[in-house]
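What follows is each chain in one-letter form.
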Amino acid sequence: YLDALALAPTVGFFGYGLGSFSRMGCLRGFEVHNVVVQAFVEFGWFGGISFFMLLTIPFWRLFPLARKDPDVGFMFVLCGFIVLIDMVHGGLNT
């Protein structure tokens, strides 16, 4: 995370490109294991914010419905599971 946060001010609007974090980090060939931080480094501020919105808007839209309908609640939990798995394993280019 420290490498990704150190690169964050220098990524610019469109970032360094897909797969660039594994070449630029202190451990060559390893990802940051957090897809949101990786999106900021590889796709820049525009791509990072867009990716973050892609992950959060479904939760925002499903939450009121999930409290009333168990089927929508299942979709809410399923979206959460997918996001958590991506946060742990990382890897936008896999």
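A brief look at the structure comes next. Remember, it's a predicted structure, so these values are computed and weren't measured experimentally.

1. Overview of the overall build of the chain
A count of helices and strands for the chain gives four helices and zero strands. By the burial criterion, 34% of the 94 residues in the chain qualify as buried. Partitioning the contacts of the chain with sequence separation of at least 6, the portion at a separation of at least 24 is 57%. With an accessible surface of roughly 6300 Å², the chain has 74% of that area assigned to carbon and sulfur atoms.

2. So, the packing of helix α3 (residues 35–66) against helix α4 (residues 70–89)
Where α3 meets α4, the axes come as close as 9 Å, and the angle between the chain directions of the two elements is 160 degrees. Here α3 lies roughly antiparallel to α4, going by the angle between them. The way α3 lies across α4 gives a crossing that is left-handed. On α4, the residues touching Val35, Val36, Leu55, Phe59, Leu62, Phe63, Leu65 and Ala66 of α3 are Val72, Gly73, Met75, Phe76, Cys79, Gly80, Val83, Asp86 and Met87. The class makeup of the residues in the contact of α3 with α4 is 14 nonpolar, two polar and one charged.

3. Observations concerning α4
An ideal rise of 1.5 Å per residue puts 28 Å on 20 residues; α4 measures up with 29 Å between its terminal C-alpha atoms. Turning to α4, its buried residues are Val72, Gly73, Gly80 and Val83. Looking straight down α4, one finds its buried side chains confined to an arc of 110 degrees; they lie on one side. Residues of α4 that are exposed and angled more than 90 degrees away from the buried face: Pro70, Asp71, Phe74, Phe81, Val88 and His89. Of the surrounding secondary structure, the elements contacted by the buried residues of α4 are α3. Of the residues flanking the start of α4, the one acting as N-cap is Asp69, its side-chain oxygen 3.3 Å from the backbone nitrogen of Asp71.

Definitions and limits used
- Residues numbered from 1 in each chain as written.
- Predicted model: local features only at pLDDT ≥ 70, side-chain atom pairs only at ≥ 80, totals over all residues.
- Heavy atoms only, no water.
- Helix = DSSP H or I, 4+ residues; strand = E, 2+ residues; numbered from the N terminus.
- Buried < 20%, exposed > 50% of the residue type's maximum accessible area, 1.4 Å probe, protein only.
- Contact = heavy atoms within 4.5 Å.
- Areas by Shrake-Rupley, 256 points an atom, 1.4 Å probe, with all protein chains shown as cover.
- Axes fitted to C-alpha atoms, helices over the stretch in contact; angles between N-to-C directions.
- Parallel < 35°, antiparallel > 145°, perpendicular 65-115°, else oblique.
- Left-handed = near helix turned anticlockwise from the far one by under 90°.
- Nonpolar A, V, L, I, M, F, W, Y, C, P; charged D, E, K, R; others polar.
- Expected span 1.5 Å × (residues − 1).
- Arc of directions from axis to C-beta.
- Polar contact = N/O pair within 3.5 Å; in protein donor to acceptor, adjacent residues only side chain to side chain.

Take it as geometry only, folks, not as evidence of what the structure does.
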